[in-house]
Amino acid sequence: MPVATLLPFTATPSRKSASPTSFRLTEKFILLLVFSAFITLCFGAIFFLPDSSKLLSGVFFHSSSVETNTRTGTDSDTSIGVGNDEKILAKIRKDHEKALLEAKDTLQKRAEEIQQDIKIEKEKVAKEGVGKGEKDNSLPVLEYVRPPGATGHEPSDPETRERRNKIKEMMKFAWDSYKRYAWGSNELRPVSKQGHSSNLFGSIQGATIVDALDTLYIMEMYEEFDAATEWVEKNLDFNVNSEVSVFEVNIRFVGGLLSAYYLSGKEVYRKKAVELGERLLPAFKTPTGIPWALLNMKSGIGRNWPWASGGSSILAEYGTLHLEFMHLSKLSGKPVFAEKVMNIRKVLNRLDKPQGLYPNYLNPNSGQWGQHHVSVGGLGDSFYEYLLKAWLMSDKTDEEGKKLYYDALQAIETNLIRKSSGGLTYIAEWKGGLLEHKMGHLTCFAGGMFALGADGAPDDKTGHQMELAAEIARTCHESYARTSLKLGPEAFRFDGGVEAIATRQNEKYFILRPEVIETYMYMWRFTHDPKYRQWGWEAVQALEQHCRLEGGYSGVRDVYAAHPNHDDVQQSFYLAETLKYLYLLFSEDDHLSFEHWVFNTEAHPLPVIKKDNTEKPSQLE
């Protein structure tokens, strides 16, 4: 038998000198009183007290030190003899009366007072991390109110409703395929039916899950959304010793988490977004504050892509942080995020712009431009988008962002926008003053951008901007219509006697990109011209015919081939952007209305930060 079991029964001289009979009677009386107190407190704690766990721990478990002493061989009660019986009884009565008075006092509190106490305690825990081992850097307590238009009602037109439901079915198929074959991986390989991960995310996992969260929510796929939430809570980990793309992680992960929070109100998304934002901050540790393109999440060491013009940072990458970082400051109460992106503007404002244009490359050490290449497509695109959307997201109070956008737009129109002999308007690329008459699929987002910004255009140019937007939409539609698969190539040219056609093999692929459909959605919202919905439906039919496989959706390597050769990747942005924009194209205008929401470049909706402080959590001041 263990020694610890024998020790409590060891006799002492003082106990041997007492009368056995009188001692047993005293023990019985003491035990009766203790048992009475025990029963009274149990019933009071269990059935009446609002926070009984604290009373239980304070009254019953306070004696744990005695148990510890006994187990270590110290007989802490051996000095208690018969002469102390009255003292013991008095102490028990006193403790009993005190506990009863505390219980009575608690029970006499009004219900609303008790609820207020509970609320204050919860807020204290949320703010200070009490009992969770958290440091004093936890997030401020915020009242969550969902912004308008998170979900929408069914369209009244039967055909529109049917097409919208079809797109929801496409989303469910893409999601179910990912869940079946690649759950937890970044992306799905639908041909080989396994997970896929590019080096953009390092060792971070779950890109498709985070990217698809808001699409699931706005399509009211709540069961799938809850499963995704559970995965995020248990498995989404940013403490990885690997190098990630700051740009891609920001637009997909930070943007996805932020929009999931604003749509659902689930606190886990706010916490994860701020945590990730803080882990990205070391990327800004450069002489100019222009962030590195790549960052090791563990060491905080950054660098740029080795191919990028002598170690330069890329315009579209460091210029596509503003929307997310402004919201990170709002949700965390930490101004550092906003300060970092506003400093980028300060650096750019000090620089001379060739012909008013922004080159794609900027050296983060010297603060000088790299090669004078300019593009509204890859390497440049979302920088311009974020200038406009920064102004819109600020409820049109960010006058600097507005001026920068319209000045840049004027330079683009003067230097880059051209019209082909066949009458197609396109946006060329500028290389040191020489134009390359090529337009990328990525550039096709510009039609939607022009439409979105038309209302704020200076000198009554609203009509002109809408015309330009419509012409870009038409050109991009032609790039689809002139292929065998009716899906657009990665880039198309306007030289050598061809128009809106890819002439190089490495430009003929289609990887489920959203930009053309994005422009259709914006043009529909602003004009309600039925051709945009028809063009979108043509894209749906092509996706179903050529990209849908048994294991999910895949890109194709050559849109001009008679039969598709699949690339075996279901990109996360297919669920985040392509299907979302299609769904909104066939939804009512109040579903994620432009009055209340701005989309980041990965189509993650972020609320307008209202200047009048009447809408929460849009402003979260």
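Residues numbered from 1 in each chain as written. Predicted model: local features only at pLDDT ≥ 70, side-chain atom pairs only at ≥ 80, totals over all residues. Heavy atoms only, no water.

A. Highlighting the nonpolar core. Among the nonpolar cores identified, the biggest contains 158 residues, and F253 and F450 are the most heavily contacted of them. In terms of residue count, the dominant contributor to this core is helix α11 (residues 246–264) (twelve residues). With residues near it in sequence (within four places) discarded, F253 still touches N186, F201, I204, Q205, G206, A207, V210, L236, F238, E248 and L276. Counting six residues, the second largest nonpolar core, distinct from the first, contains A293, L294, A308 and Y361. (Core = buried A, V, L, I, M, F, W, Y, C linked by side-chain atoms within 4.5 Å. Buried < 20%, exposed > 50% of the residue type's maximum accessible area, 1.4 Å probe, protein only. Helix = DSSP H or I, 4+ residues; strand = E, 2+ residues; numbered from the N terminus. Contact = heavy atoms within 4.5 Å.)

B. Up close: the sheet that holds strand β3 (residues 243–245). In spatial order, the strands read β3-β4-β5; together these three strands make up an open sheet with antiparallel pairing. Of all strands in the sheet, those with a lone pairing partner are β3 and β5 (302–303), marking the two edges. Pairing between β3 and strand β4 (residues 294–296): three bridges, direction antiparallel. Looking at the pairing, S245 lines up with L294 of β4. Packing of α11 onto the sheet brings it into contact with β3 and β4, and relative to β3 it is tilted by some 65°. (Pairing = 2+ DSSP bridges. Axes fitted to C-alpha atoms, helices over the stretch in contact; angles between N-to-C directions.)

C. Main features of the packing of helix α14 (residues 322–332) against helix α15 (residues 336–350). Contact pair α14 / α15: the axes reach a minimum separation of 7 Å and the direction vectors enclose 150°. Overall, the two elements α14 and α15 adopt an arrangement that is roughly antiparallel. Relative to α15, the crossing made by α14 is left-handed. On the side of α14, the interface is formed by H322, F325, M326, L328, S329 and S332, while α15 contributes V336, F337, A338, V341, M342 and R345. Residue classes in the contact of α14 with α15 are distributed as eight nonpolar, three polar and one charged. (Parallel < 35°, antiparallel > 145°, perpendicular 65-115°, else oblique. Left-handed = near helix turned anticlockwise from the far one by under 90°. Nonpolar A, V, L, I, M, F, W, Y, C, P; charged D, E, K, R; others polar.)

D. Inspection of the confidence of the model for the chain at higher detail. When the pLDDT values of the chain are averaged, the result is 84; 76% of them are 70 or greater. Low pLDDT (under 50) marks residues 101–114, which in the prediction has nine contacts with non-local residues, meaning those over four places away or in another chain. Confidence drops under pLDDT 50 across residues 614–621; counting only partners more than four residues distant or on other chains, this segment forms 29 contacts. (pLDDT = per-residue confidence, 0-100.)

E. Quick look at the packing of aromatic side chains. Evaluated as defined, the whole model comprises 29 aromatic pairs. Note on Y217 and F225: the rings are 5.2 Å apart at their centroids and 70° apart in plane angle, and the pair reads as edge-to-face. Judged by its relative accessible area of 2%, F225 falls in the buried class. Look at Y358 and F383: their rings are 4.8 Å apart centre to centre, the planes differ by 55°, and that puts the pair in the tilted class. Note that Y358 is positioned in the loop between α15 and β7 (361–362) and F383 in helix α16 (residues 381–393), a separation of 25 residues in sequence. Take Y358: its relative accessible area is 4%, and that puts it in the buried class. (Phe/Tyr/Trp six-rings, centres within 6.5 Å; stacked < 30°, edge-to-face > 60°.)

F. Summary view of the pattern of salt bridges. Applying the stated criterion to the full structure yields 30 salt bridges. Two residues, R252 and E187, come together in a salt bridge whose shortest N-O distance is 3.6 Å. With a gap of 65 residues between them, R252 in helix α11 and E187 in strand β1 (residues 187–189) connect regions that are remote in the sequence. A residue is classified by how much of its surface remains accessible, and R252, at 6% relative accessible area, is buried. Classification of E187 as buried rests on a relative accessible area of 2%. Ionic pairing is found between R513 and E490, a salt bridge with its closest N-O pair at 2.9 Å. Here the residue R513 occupies a position in the loop between β14 (491–493) and α20 (515–527), and E490 occupies one in the loop between α19 (462–481) and β14, the gap between them amounting to 23 residues. Here the salt bridges do not stand alone but share partners, grouping K166, E169, E544 and R548 into one network. (Salt bridge = Lys/Arg side-chain N within 4 Å of Asp/Glu carboxyl O.)

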